[in-house]
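Examining the three-dimensional arrangement
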Amino acid sequence: MLPDSAQRSLAQELSFGVLRWYFRLDGIARLMMQRPLRRRDQDVYSLLLSGLYQLSFMDIPPHAAVHETVQVTKEMGKPWAAKLVNALLRSFQRQIPRFESAVEKDEVMRLAHPRWLLDTFRRDWPDFCERIARANNERPPMSLRVNALRMERHDYMKVLSAAGLQAVPLPHVPCGLRLEKAVPVALLPGFQAGDVSVQDGAAQLTGKLLQVREGMRILDACAAPGGKTCQLLEQFPALDITALDIDENRLERIAENLRRLGLQARLVAGDAAKPDGWWDGRLYDRILLDVPCSATGVIRRHPDIRVLRLPGDIESLTGRQAGILAAVWPLLAPGGILLYVTCSVLKSENTQQVSHHVDCKPDAEELVIDSSWGHACTFGRQILPGEDDMDGFYFACLKKRKC
Ligand SMILES: C[S@@+](CC[C@H](N)C(=O)[O-])C[C@H]1O[C@@H](n2cnc3c(N)ncnc32)[C@H](O)[C@@H]1O
């Protein structure tokens, strides 16, 4: 029997791995099975996929992988499935070259993404579709943000090194590091004391793009769990920040992060699309709008997105994004800047959304982001997943004209 921590990491490896390669494993399972399992036996199907994952991607000896997987059918109270799972896994093992060639011939299986998502990537990024999908199948790096109020990143690199952890600086951001090997946050020196946070490099671009100055009044309109609020405050602790989120439980996550880092912000529960319910009537110098999105830029971190996200979600998300953007725009002071952010790579949520807003609002003008990272879009700039070790993020900077 493995110790608890090893069992937990094996369970995590299996669940993340099956989700990461779901469309490949599911395709193979379908080729092998004469008919699908009943709805109530989807647990057996998931178990079968975990067996295929072990045989395809893990270093576990094949006989142990098959044996252990078959044993689970009994623990699940479905001993009838033992024979089936055993037969399918052994059949796979005997014919791996046949299945590999089937995978190569089928793009959905080969790139392990649903058809609709590959089609959307190809429509939006014709030259990058395959690259995006492959980056989504990689394991993400563990990226850190060193608390600028506490120390410089090269000093924290020394602290890490003394703890036996190696890291390299992230490009484009002053406080970012990439750990060479991911570790539980509890093992990061000074984490509880607020010396460091876990945050992707792209998310750390926010502070610079928002062109913040000390003392400004800022709205972070979709703030939880507070990564970007905290990053702004680490640069300028005297900012007057309102961190708004529709989800009260998630506001608690912001509070925890602020406490750990010794920072302060005004936390407000409310719907950004309905300012009447929470706005105090004073305009903001800066608005950060990190809207809810398809999260198609962070699939490598959340592999379940490729399975759970459906084409119909995109239309409802773009509707919500447009509603929030239109509702908070009047709250921005003339001369103020709004930074629109998503962790999506879909143009309907990004450049098209901003283009529509600029068309509708005569007082909105784009501030073109001139940088060495990402790809210039008609409006805004897109980082594709994996580029410069960053997640897929989109940024557009809008200024309100002084009329
Ligand atoms: C992408 S996350 C924000 C991440 C955050 N900015 C950070 O850096 O940690 C989007 C957030 O928007 C919130 N949200 C969704 N719809 C909202 C709305 N109508 N008004 C306010 N917040 C909303 C969600 O609860 C979620 O916490």
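All values derive from a computational prediction rather than experimental measurement. (Residues numbered from 1 in each chain as written. Predicted model: local features only at pLDDT ≥ 70, side-chain atom pairs only at ≥ 80, totals over all residues. Heavy atoms only, no water.)

Turning our attention to the site of the ligand. Residues in close proximity to the ligand total 19 residues, the closest being Asp 245, Arg 250, Asp 271, Ala 272 and Asp 290. The contact in question runs from a nitrogen atom of the ligand to an N or O atom on the backbone of Ile 246, over 3.2 Å. Measuring from a nitrogen atom of the ligand, one finds a side-chain N or O atom of Asp 271 at 2.8 Å. For the ligand, whose free accessible area comes to 600 Å², the fraction covered by protein is 87%. Secondary-structure elements contributing two or more residues to the shell around the ligand are α12 (227-235) and α15 (311-328). Here the shell around the ligand is built from residues that sort into 9 nonpolar, 3 polar and 7 charged. (Near = heavy atom within 4 Å. Polar contact = N/O pair within 3.5 Å; in protein donor to acceptor, adjacent residues only side chain to side chain. Areas by Shrake-Rupley, 256 points an atom, 1.4 Å probe, with all protein chains shown as cover. Helix = DSSP H or I, 4+ residues; strand = E, 2+ residues; numbered from the N terminus. Nonpolar A, V, L, I, M, F, W, Y, C, P; charged D, E, K, R; others polar.)

For the chain, the domain assignment lists domain 1 (4-108), domain 2 (142-198) and domain 3 (206-400). On a C-alpha basis, the centres of domain 2 and domain 3 stand 25 Å from each other. The interface of domain 2 with domain 3 comprises 17 residues on the first partner and 15 residues on the second. With both chains or domains summed, domain 2 and domain 3 bury close to 1,200 Å², and 49% of this area falls on carbon and sulfur atoms. (Domains from an automatic or database assignment. Contact = heavy atoms within 4.5 Å. Buried area = accessible area lost by both parts, 1.4 Å probe.)

Look at helix α3 (residues 42-57) against helix α5 (residues 81-94): their axes get within 10 Å of each other, and the N-to-C directions meet at 30 degrees. Considered as vectors, α3 and α5 are oriented roughly parallel to each other. Of the two possible hands of crossing, α3 and α5 adopt the one that is right-handed. Contacts from Val 44, Leu 48, Gly 51, Leu 52, Leu 55 and Ser 56 of α3 reach α5 at Ala 81, Val 85, Leu 88, Leu 89, Phe 92 and Gln 93. In terms of residue class, the contact of α3 with α5 is built from 9 nonpolar, 3 polar and no charged. (Axes fitted to C-alpha atoms, helices over the stretch in contact; angles between N-to-C directions. Parallel < 35°, antiparallel > 145°, perpendicular 65-115°, else oblique. Left-handed = near helix turned anticlockwise from the far one by under 90°.)

Moving on, we get to the sheet that holds strand β3 (residues 176-179). Read across the open sheet, the 4 strands follow the order β2-β3-β1-β4; overall the sheet is antiparallel. Both edges of this open sheet fall to β2 (167-169) and β4 (196-198), since each of them pairs with a single strand only. The average undirected angle you get between the axes of adjacent strands in this sheet is 35 degrees. Relative to the sheet, helix α10 (residues 153-162) contacts β1 (142-146), β2, β3 and β4, its axis offset from that of β3 by approximately 25 degrees. Contacts from α12 reach β1 and β4 within the one sheet, and its direction differs from that of β1 by about 35 degrees. (Pairing = 2+ DSSP bridges.)

The element β1 is extensively covered by neighbouring structure, given that 5 of its 5 residues are classed as buried. With burial as the criterion, each face of β1 is covered, one bearing Met 142, Leu 144 and Val 146 and the other bearing Ser 143 and Arg 145. Across 3 bridges, β1 lies against β4 in antiparallel orientation. Bridge assignment links Leu 144 to a residue of β4, and that residue is Val 198. (Buried < 20%, exposed > 50% of the residue type's maximum accessible area, 1.4 Å probe, protein only.)

That bond from Ala 224 to Pro 225 is cis: its omega, 5 degrees, falls within 30 degrees of zero. Locating Pro 225 in the fold gives a position in the loop between β5 (217-220) and α12. With a phi close to 50 degrees, Asp 388 is a non-glycine residue in the positive phi region. You can see Asp 388 is positioned in the loop between β12 (381-383) and β13 (393-400). For Asp 388, a relative accessible area of 37% corresponds to the partly exposed category. You will see that Asp 389, though not glycine, has its phi angle at about 65 degrees, which is positive. Looking at the element boundaries, Asp 389 is found in the loop between β12 and β13. Here Asp 389 falls in the partly exposed class, since its relative accessible area comes to 26%.

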